[in-house]
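# Commentary on secondary and tertiary structure
One letter stands for each residue in the lines below.
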Amino acid sequence: MPSSVSKPRTLYDKIWDDHVVDIQQDDGLALIYIDRHLVHEVTSPQAFEGLRNAGRPVRRPDCTLATLDHNVPTHSRKNFSSVQSFINEPDSRAQCIALEENVKEFGLTYFGMTDRRQGIVHIIGPEQGFTLPGITCVCGDSHTSTHGAFGSLAFGIGTSEVEHVLATQTLLQKKAKNMRITVDGELHEGVTSKDVILYIIGVIGTAGGTGSVIEYAGSVFRGFSMEARMSVCNMSIEAGARAGMIAPDDITFNYLRSRPLAPKGEIWDRALAYWKTLNSDEGAHFDVEINIRAEDIIPTVTWGTSPQDVAPITGVVPDPALITDPVRRSSVERSLTYMGLTPNTRMEDIVLDKVFIGSCTNSRIEDLRSAAMIVLAVGPEARVAPNVDAMVVPGSGIVKQHAEVEGLDVIFKRAGFDWREAGCSMCLGMNPDQLAPGERCASTSNRNFEGRQGAGGRTHLVSPAMAAAAAMTGRLTDVRKFLGVDLSSSANLKVASAFDFLTDAVLPPPKPEKRPESEASPIPRTLPPAETPSGVAKFNIVSGIAAPLNIDNVDTDMIIPKQFLKTLKRSGLANALFYTLRKDPHTGKDTDFVLNRAPYNQAKILVCTGKNFGCGSSREHAPWSLNDFGIRCIIAPSFADIFRNNTMQNGMLPVTLTDEECRAVAEDAERGLELEVDLEKEQVRRANGKPPISFTTDPFRRHCLLNGLDDIALTLQKVAAIEKFEQQRSERWAWLDGFGYKGKKIPLRNPGTMDW
Ligand SMILES: CC(C)[C@H](C(=O)O)[C@@H](O)C(=O)O
Ligand code: SF4
């Protein structure tokens, strides 16, 4: 528990201080308590397997909530009888069934496919009031940053850390830097939260937030609804940040009041009093400050294959010939080739094949309303352009039901949109909703990486209103053309309150403030011995061939595409590594990508001269596939935070060198010279008597890697401190104990059918 701290603190500092269970090391590595853990089918099977193998229970089932989202097909569930028969694709089916079995075995609350609360993890947490201000919230998913909109510290983790949280309800974390992005002024009409965050990423770049927690401040965010704030915080990960957050205020409290899992009665009042202290103090120190004028932002779209590749809708596709930095120029050239775009083409002249409205960024009720408004504004008889297939995928069963009561589904369907069931859908295409090679899509999702929505598919990120405008015209379109139409008298538009859908039938029965001992959540009291054998490989010296790579922002979708995430194992992924770069999409044969060529097909080290290696998704499958290929060490000028963590969890070493050093080492690699990386001495040794290059690593992590120590076993040695923290937490923050998460199912409206 924190001692009274007098110096001004940021919102992040306050939440951090309130969650430190134990300071592990002098270097600031701390064991922090995790209040809320969201679980989905893709990143959890190996974690549950790990628990099972070690005989460990889930420490806090009452603080854990699971659902299916990535793999679920989004066609009608009218004929649904079981996951087994509903999901055709065998690997997707296996992953969903694995989660169903795991939640049963470990006693977790679960929103399955017959539960209308099912949906994308980042939609359902806030919707149910599972997400609260001041909490720490994690999920094996990079867009966990979404939940920071409530003034919480929410971030994505890899599968090893999922296992760590399931087993211990804590995580080992180093405090990040404080960064504040302030947007003040008045937004122009037609500019939405999505345009604001795309614009911000355009300004700071996809590595701009690396190592930081961003607090969004200023009049623009204060004026945003919770839905709009969530869209902003959601994409903090695309800005490279560990997390994004917005201080809670009346808009937050009004959103939460009466949500099924939010505190009630006297506990609500106590929670509220605490939540009101959650803001950055006057004079608090921010390591980085960015100020943006709201008036500078106009509807924004992406043209390339990184979320930082943005342009105003009134702009043109950039011309690489005008770029002086060679790495940047080659990455723009590469993007334009992939995207099939010619420099200087007007953004509004880009013709589309598909429009996708959905994803954890933009599939909430407000997003659907804003898209439907544009459809209506185009004209009552207007239809989706003939060259376009458009689909709307609500973020949860509850969003879907809400939208249907408001008649939004009718607006969409009448105009020719496909109206679907909840899930991640074409954001990532782990289910059947995918782009065909060469297809171009305006998408309200968050990532435009190569192959993200389907191999060879081309993605332009846009707001929901811009997506609707694009669907109606068949090309990227400035939505402001359709503004100013008076829709107030439209009989089709009625606004219902979200609370109509979170009725008493959903609410758990009121609980006493302190549960009798017999009812307490099943926190295991017998824990395995701390000397449980470690499964982590030791890292000491690695020497051998190093493969050079000259790409900026190597994202984890590029390292391992989504079709390989459907595994229940951590191994067998060597062939999946850089799959789209290594295999010709037409012939299926090996390309001349560096890892296909001798001697680099034997590489033990990867040297990347581009920055921000491993950005994007939290998939631990990325280091697993590198490891399986034989690569134990990656050298780069900078790494994305989650990827760096994930490598070390697997006995691998990320080494950060300067740009110049990376280029020098890459030149050695290009000449086929071997390298030696020595963790003990913290040196990269080069052939031909060239002087070694020194690097630094976090002392604790270095110690663990050198000795092959398992984080979970180490943390379980701190069980007394964890128990003490939990006791104080129950007294001070009674609402965090998660009473009411015991899996009370919502009665279906028509229990005989599954069509919600
Ligand atoms: C599957 C999961 C690991 C991944 C993520 O972390 O983001 C996914 O949600 C994505 O959007 O790519
Ligand atoms: S980014 Fe897409 S795939 Fe990832 S959680 Fe959000 S909706 Fe799902």
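Only a predicted model underlies this, so the values are computations on that prediction, with no experimental measurement involved. (Residues numbered from 1 in each chain as written. Chains lettered and ligands numbered in written order. Predicted model: local features only at pLDDT ≥ 70, side-chain atom pairs only at ≥ 80, totals over all residues. Heavy atoms only, no water.)

### Looking at the overall build of the protein chain
- Check the secondary structure of the protein chain and you find 24 helices and 26 strands.
- Here the C-alpha atoms of the protein chain give a radius of gyration of 25 Å, agreeing with the 27 Å that 2.2 N^0.38 yields for 756 residues.
- Seen through its principal axes, the protein chain has C-alpha atoms that stretch 80 × 65 × 55 Å.
- By the burial criterion, 64% of the 756 residues in the protein chain qualify as buried. (Helix = DSSP H or I, 4+ residues; strand = E, 2+ residues; numbered from the N terminus. Rg over C-alpha atoms; globule rule 2.2 N^0.38 Å. Buried < 20%, exposed > 50% of the residue type's maximum accessible area, 1.4 Å probe, protein only.)

### Observations regarding the environment of Asp281
- Counting through the fold element by element, Asp281 comes out in the loop between helix H11 (265–275) and strand E12 (288–293).
- Asp281 sits in the partly exposed class, given a relative accessible area of 28%.
- The spacing of Asp281 and Leu11 is 270 residues in sequence and 7.7 Å in space, taken between C-alpha atoms.
- Engagement of the side chain of Asp281 in a polar contact is seen with the side chain of Lys14, the distance being 2.8 Å. (Polar contact = N/O pair within 3.5 Å; in protein donor to acceptor, adjacent residues only side chain to side chain.)

### Notes on the side chain of Gln173
- Residue position: Gln173 is located in strand E8 (residues 170–174).
- There is a polar contact of 3.4 Å between the side chain of Gln173 and the side chain of Arg242.
- The residues contacting Gln173, other than those within four sequence positions of it, are Trp16, Gly28, Leu29, Ala30, Ile32, Phe155, Glu161, Arg242 and Asn645. (Contact = heavy atoms within 4.5 Å.)

### Remarks on the sheet that holds strand E1 (residues 20–23)
- The sheet built from 3 strands is open, its strands ordered E1-E2-E8 with antiparallel pairing. Two strands in the sheet have a free side with no partner beyond their single neighbour: E1 and E8. Mean inter-strand twist for the sheet, computed between neighbouring axes without regard to direction, equals 30°.
- Against the sheet, helix H6 (residues 159–168) makes contact with strand E2 (29–33) and E8, and its axis sits at roughly 130° relative to E8, the strand it touches most.
- Across the face of the sheet, helix H24 (residues 719–732) comes into contact with E1, E2 and E8 while running at roughly 45° to E2. (Pairing = 2+ DSSP bridges. Axes fitted to C-alpha atoms, helices over the stretch in contact; angles between N-to-C directions.)

### Here's the deal with the pattern of salt bridges
- For the structure on display, the rule yields 48 salt bridges.
- Linking Arg570 and Glu163 is a salt bridge whose minimum nitrogen-to-oxygen distance equals 3.2 Å. Residue Arg570 is found in the loop between helix H17 (556–559) and helix H18 (579–582), and its partner Glu163 is found in helix H6; the two are separated by 407 residues along the sequence.
- By relative accessible area, which is 10% here, Glu163 ends up buried.
- Linked through salt bridges whose partners overlap, the residues forming this network are Asp35, Arg59, Arg60, Asp62, Glu726, Arg729 and Asp737. (Salt bridge = Lys/Arg side-chain N within 4 Å of Asp/Glu carboxyl O.)

### Quick word on the domain arrangement of the protein chain
- Split into domains, the protein chain comes out as domain 1 (11–76 + 87–296), domain 2 (300–312 + 324–485) and domain 3 (541–709).
- Buried area between domain 1 and domain 3, summed over both chains or domains, comes out near 2300 Å², and the portion from carbon and sulfur atoms is 50%.
- Linking domain 1 with domain 3 are 3 salt bridges.
- For Lys174, the salt bridge is made with Asp698, and the minimal N-O distance between the two is 3.1 Å.
- Our enumeration of links across domain 1 and domain 3 arrives at 18 residue pairs in polar contact (both at pLDDT 80 or more).
- At the level of secondary structure, the elements contributing two or more residues to the side of domain 1 that touches domain 3 comprise helix H2 (45–54), helix H4 (90–106), H6 and E8.
- No other element matches the 5 residues that H4 contributes to the side of domain 1 that touches domain 3.
- Of the residues assigned to the side of domain 1 that touches domain 3, the class counts are 10 nonpolar, 18 polar and 8 charged. (Domains from an automatic or database assignment. Buried area = accessible area lost by both parts, 1.4 Å probe. Nonpolar A, V, L, I, M, F, W, Y, C, P; charged D, E, K, R; others polar.)

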